[in-house]
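# Close look at the chain arrangement
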Amino acid sequence: MISKEICQRVLARAVSTGADYAEIFAEHSVNHSISMIENKVETVQDAVIAGAGIRVYKGLRSVMATTIDTTEEGLLRCAGKAAEALSQGKAEISICLKERLYGDIHPVRVVPSSVSNAEKIAVLKEGYFAARQYSDSIRQVTGSLLDVDHNILIATSEGLYAQDRQIRTRLSISAVAEKNGETQTGSCSPGRRMGMEMFENEVDAKATGIKAAEQAVTMAGAGYCPAGVMPVAIGNGFGGVIFHEACGHSLEASSVAYGCSQFAGKLGQQIANPKVTAIDDGTIPNAWGSINIDDEGTPARKNVLIEKGILKSYMIDKFNGRRMGMPSTGNARRQSYSFTTTSRMTNTYIAEGADRNEDIISSIEYGLFAKQMGGGSVNPTTGEFNFAVAEGYLIRNGRICEPVRGASLVGKGSEVIMNIDMVGSGLELGQGMCGSSSGSIPTNVGQPLIRVASITVGGRS
Amino acid sequence: MDFNSFKQYVIKAAQDLGITEYELYYQTSESTDVDIFKHEVNEFSSSMDGGVCFRCLVNGRMGYASTEELSAEQAESLVKRAYENASVLENDDREFLVEGGQEYEPLNITPYELPTTESLIQTALAGQEALYAADPAVIDGTSCSTGSVKRTIAIFNSKGLDLSYENNIAIFAAGAVVSNGKEMSNDYSVKTGSFLELDVKEQAAKAVSDALAKLDAEVAPTGSYPVVFSPKAVASLLGTYSGIFSAQSAQKGLSMLKGKEGEMIAAPIVTLVDDPFYPDSAMPISFDAEGSPTHKKNIIENGRLNTLLYNLKTAAIAGRQTTGNASKVSYTSPVGIRPFTMYLAGREFTEDELLQKAGNGVYINFLGGLHAGANVISGDFSLQSAGFLIENGVKTRAVKSFTVAGNFYQLLNQITAIGKEVELPNARGITSFGAPCVLVEGLSIAGK
């Protein structure tokens, strides 16, 4: 993308006014997506994203400038702007870039940009029509096939020069079902850090469509979820959004470094139920949230965040790590060059526990089984969170009974992770896009079946 | 290469491929942001991004492609990609490009002057000092930030359309974190527009008092109550459900307002307006994303659905005129539909009068997780909330960590009284939402 020699000259300019560290993040990406509605291909979107962000640090101060002009002149201008804004004297740091090859632990066999629109449409239609034909009560289906070819280059004044190519593919099907004049929705959106070979043995397009339709039809027949405090069993896969929101965001250095986290200053302390072990792992081969290197050039790692309830690690980027006096954990991420990098999650999950899944359900006299979760959000400072239940069922006398709609779960992270008192088996990962200050990035959430002993269920009283 | 030179390469590439109907949509934004931690600048950033979307008609279908790289090679690749993308589309609805030479309502608004970098830094530092000074419970982690954004939009097409627009806006955000030694709480106050009208102390005091109110808050009791929503809470609901007024959603069966134009869909006191020229709007504009002239309209008038929002394509399907609501989420997006400034029109009551009318109930000034807890197709919502109890017609104890549940379509009919003063919280970007406070009867609260 940009040669070592140019990067060296640009970094020299960036540190010229006294910075103790400078970094170039350059990007050239192609985002491609095809969407369908009303049984027809409706849009094809295709965008080239290209530019660079230059950051300089002096102690605990950071300055960033970005540009879409990635010629040497453009980059030098951008570096000059950052240097000028920092302006804390003069410095000359000798910069000698050494190229590092971290290899690729997420091999891609079929690069999506080399596949024709027609082939992609064939896959999309398979999923789309599986949903459409699932039942007479399906009124509308929308579908999309997205692929991203994200090429990044990172060069720093410490001598790092590294590149990575991140290819991702995702199929999304959403269905609308109607029963007795009331409509409900269902969706399924599997994705991988893979190319089109994802559809050979990882993801079944047809099954994706059926899953979306099945959920819509189930929920369209459902009554409203009752309101109140009760035990809740949360299903595997995307159910892990509970840990992501209730706990994960509060373990990011972007909150912890500033004391704005319910878990700041708690390393080594018990913050969760002893049944909870939680991990953030950017190295899972070809997983949706995986990376080879993070957006500061640190190789991805597997970090145990919580081990048997004890807080073991935060998720840290270089800049916030300075304030915390801790090294990066390989969690620095940004949507694109125009966002400022910060600490984010990759693939974050609760590890399997010793409880039997059938015991979890049978232990609940009256409660909710949240089979599929929707999205959610959290205030990391207070830990107050919310998430939606996309597919829920009442549990009576230890048995899963009728479906209920319109439920959400709310509470406080530090309380809910103490209340996770049963952890079963069947760990799965679910794909999501996580939005925060450094933009929208792909992350996996995950867990086996778990029980939360007591939580507020928002429904209708 | 600048946009005008790039445009020439694109025109040539289009001619070479025999494309006669096309459009270039160009958008850039330059922004500067300052973030304070403790008493110093922690992060400073100055960024520039933007790009070009090319779309063209090939056998009646509209192909799109976009790029941020303005070079001769990209101009050629862009046109070729859009041409190829058009060939696989299956939608038969007629697509249009706007003719040049239309009449546009003039914008009688002087653009804001962008603050200098020095003024951004000084204002943020002053805001931070005001936050710390507002109350002894304010702790580190409190952060004031300022920013400025300069946006430009240009649309050029083969039918003689050549429009451009520039908008400046300054942003001030005070984020207070407070502690009582046992627990922390936080809140924000955001002001957009110009720093000339900014009262730093007032904004800081507001953020701090909102954060303090939530310390020691109780969990609300479960039950069905009358609810008074603050203007901010109503605006966030409107923002979440604004898509149901899109003709595109209705025509695709994704909104239950399909076929309801002319019918009563809300309580007779409800009038919902969309005004591209609203004075406090962050981005008043006289043309939409297709280049059609924009105008003010009542979407709901005294409870009756007066009109949905249309762009050229959906208007043609419905056999009517566009309402000038074509929109693009980002410059790369296909043309969709969005309001400009959508607000619920004010009526006769003060907030105190609404509380009196509610008697015993809940006042909600925060709704969270709207992207997840609100289903835009069914209208069902179950949302994390915070606010106060209403006892004997006045606000009493603070409450949080509860949900309010209902259905937006039903809620439109459950509104029994509407406040006087329309507020436009968080006006930023092309779409803003506003409302006065509102009394709604019989919503489900789930708490303790």
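The following refers to the structure shown. Position numbers for residues start from 1 in each chain and track the written sequence from start to end. Going through the entries in the order they are written, you letter the chains from A and number the ligands from 1. This being a predicted model, a pLDDT of at least 70 is required before a residue's local features are given, and a value of 80 or more before pairs of side-chain atoms are given or counted; all residues contribute to the totals for chains, interfaces and linings. As a convention, hydrogens and water are excluded, and side-chain values are obtained from all of the structure's heavy atoms.

## Some remarks on the overall build of chain B
Regarding its fold elements, chain B presents 10 helices and 20 strands. Throughout, the radius of gyration refers to the C-alpha atoms, and the reference size of a globule is 2.2 Å times the residue count to the power 0.38. A globule of 448 residues ought to have a C-alpha radius of gyration of about 22 Å, and chain B, at 24 Å, matches this closely. Projecting the C-alpha coordinates of chain B onto the three principal axes gives extents of approximately 75 × 55 × 40 Å. Partly exposed describes any residue whose relative accessible area lies between the buried limit of under 20% and the exposed limit of over 50%, with all areas from a 1.4 Å probe on protein chains only and scaled to the type maximum. Here chain B holds 448 residues, and the buried ones make up 60% of them. In this text, helices come from DSSP runs of H or I with a minimum length of four residues, and strands from runs of E with a minimum of two, each type numbered from the N-terminal end.

## Focus on the overall build of chain A
Looking only at helices and strands, chain A features 10 helices and 24 strands. Computed over C-alpha atoms, the radius of gyration of chain A comes to 23 Å, within 12% of the 23 Å expected from 2.2 N^0.38 for 461 residues, which places it in the range of a compact globule. Across the 461 residues that make up chain A, the buried fraction comes to 63%. Contacts are residue-level and defined by heavy atoms, with any inter-residue pair within 4.5 Å sufficient. Considering only intrachain contacts with a sequence separation of at least 6, the fraction spanning at least 24 residues in chain A is 75%. Both charge centroids of chain A, one from 45 positive and one from 48 negative side chains, sit 3 Å from each other. Lys and Arg are tallied as positive, Asp and Glu as negative. Neither His nor the chain termini are counted. Taken as the charge location is NZ of Lys, CZ of Arg, CG of Asp or CD of Glu.

## Digging into the pairing of strand β22 (residues 428-436) of chain A
Residues and elements named next belong to chain A. DSSP calls a pair of strands paired once it identifies at least 2 bridges connecting them. Pairing analysis gives 9 bridges linking β22 to strand β23 (residues 439-447), with the strands arranged antiparallel. Residue pairing for β23: L429 is matched across the bridge by G446. The hairpin formed by β22 and β23 contains 2 residues between the paired strands.

## Quick look at the layout of surface pockets
A probe matching the size of a water molecule, rolled over the atoms, marks out where space remains unfilled. Points on a 1 Å grid over protein atoms alone make up a cavity when a 1.4 Å probe fits among them but cannot get out, and a pocket when they form an open set with protein on both sides within 12 Å along at least five of seven lines; lining residues each have an atom within 4 Å of a point. Grid points are joined across faces, edges and corners, and a volume is the space filled by probe spheres set on the points. As a volume, the second largest pocket reaches approximately 570 Å³. Lining the second largest pocket are 21 residues; nearest its centre among them are T67(A), I68(A), D69(A), R77(A) and M1(B). Mapped by element, the contributors of at least two residues to the lining of the second largest pocket are β3 (61-67) and α2 (72-86) of chain A together with α1 (3-16) of chain B. Among the elements that take part in the lining of the second largest pocket, α2(A) stands out by supplying 4 residues, more than any other. By the convention adopted, Pro, Cys, Tyr, Trp, Phe, Met, Ile, Leu, Val and Ala count as nonpolar, Lys, Arg, Asp and Glu as charged, and the other residues, Gly among them, as polar. Looking at the lining of the second largest pocket residue by residue, the classes come out as 8 nonpolar, 7 polar and 6 charged.

## Observations regarding helix α2 (residues 72-87) of chain B
Residues and elements named next belong to chain B. Along its 16 residues, α2 runs 24 Å from first to last C-alpha, staying within 8% of the 22 Å computed at 1.5 Å per residue. The complete set of buried residues in α2 reads Q74, A75, L78, V79, R81, A82, N85 and A86. Here the buried residues of α2 occupy an arc of 165 degrees about the axis, which is enough to place them on one side. Residues of α2 that are exposed and point more than 90 degrees away from the buried face comprise E73, E76 and S87. To estimate how far a helix should reach, multiply one less than its number of residues by 1.5 Å. The directions considered for the arc are those from the helix axis to the C-beta atoms.

## Re the packing of aromatic side chains
Here a pair means two rings of Phe, Tyr or Trp (six-membered ring of Trp) with centres within 6.5 Å. Their orientation is stacked below 30 degrees between planes, edge-to-face above 60, and tilted elsewhere. The tally for this structure, following the rule as stated, stands at 13 aromatic pairs over all chains. Relative to F37(B), the ring of Y258(A) lies with its centre 4.7 Å away and its plane at 75 degrees, an arrangement referred to as edge-to-face. A residue pair is termed interchain when its members come from two chains, as with Y258(A) in the loop between α7 (253-256) and β11 (278-281) and F37(B) in strand β1 (residues 22-37). Note on accessibility: Y258(A) and F37(B) belong to one class, buried.

## Points about the interface of chain A and chain B
Accessible area lost upon the coming together of the parts serves often as the stated size of an interface. Contact with chain A, which involves 72 residues of that partner, is made by 70 residues of chain B. Buried surface at the junction of chain A and chain B, both sides included, amounts to about 5500 Å², of which 49% is carbon and sulfur. What counts as a salt bridge is simple: a side-chain nitrogen of Lys or Arg found within 4 Å of a carboxyl oxygen of Asp or Glu. For the interface between chain A and chain B, the tally reads 9 salt bridges. In this structure, the salt-bridge partner of K40(A) is D92(B), at a minimum N-O distance of 3.9 Å. Counting of polar contacts relies on pairs of N or O atoms within 3.5 Å, with two restrictions inside protein: one atom must be capable of donating a hydrogen and the other of accepting it, and residues adjacent in sequence are counted only when both atoms are side-chain atoms. Applying the counting criterion to the chain A and chain B interface returns 38 residue pairs in polar contact (both at pLDDT 80 or more). Among the elements that line the side of chain A that touches chain B, the one with the most residues is strand β2 (residues 40-58) of chain A, at 11 residues. Looking at the side of chain A that touches chain B residue by residue, the classes come out as 27 nonpolar, 33 polar and 12 charged. Sheet topology places β3(A) next to strand β2 (residues 40-58) of chain B; 4 bridges connect them, and they run parallel. Note that in β2(B) the partner of A65(A) across the bridge is S46(B). A 1.4 Å probe defines the accessible area here, and the buried area is the portion of it lost by two parts on being joined, summed over both.

## A closer look at the sheet that holds strand β9 (residues 272-274) of chain B
Residues and elements named next belong to chain B. One open sheet holds the 5 strands; their spatial order is β11-β10-β9-β14-β19, and the pairing between them is mixed. This sheet does not close on itself; its edge strands, each paired only once, are β11 (304-305) and β19 (432-434). In the sheet, β9 pairs with strand β10 (residues 297-301) via 3 bridges, with the strands oriented antiparallel. From the neighbouring strand, D274 faces β10, where its bridge partner is K297. All axes are obtained by fitting lines to C-alpha atoms, using only the stretch in contact for helices, and the reported angles, taken between N-to-C directions, cover 0 to 180 degrees. Its contacts with the sheet place helix α5 (residues 231-241) against β9, β14 (341-344) and β19, and it is angled at close to 135 degrees to β19.

## Structural notes on the pattern of salt bridges
Using the criterion set out here, one finds 45 salt bridges over all chains in the structure. For E178(A), the salt bridge goes to R139(A), with nearest N and O atoms at 3.2 Å. With E178(A) in strand β6 (residues 160-179) and R139(A) in strand β5 (residues 138-156), this pair connects stretches of sequence that are 39 residues apart. For R347(B), the salt bridge goes to E348(B), with nearest N and O atoms at 3.6 Å. Among the residues examined, R347(B) registers a relative accessible area of 31% and is labelled partly exposed.

## Regarding empty space enclosed by the protein
All names here are of chain B. Scanning the model with the defined rule gives 1 cavity of 30 Å³ or more in all. Here the largest cavity is characterised by a volume of approximately 120 Å³. Residue lining of the largest cavity: 14 residues in total, with V234, L238, F408, L411 and I415 positioned closest to the centre. Mapped onto the lining of the largest cavity, the elements with two or more residues apiece are α5, α10 (408-414) and β20 (438-446). The class makeup of the residues in the lining of the largest cavity is 14 nonpolar, no polar and no charged.

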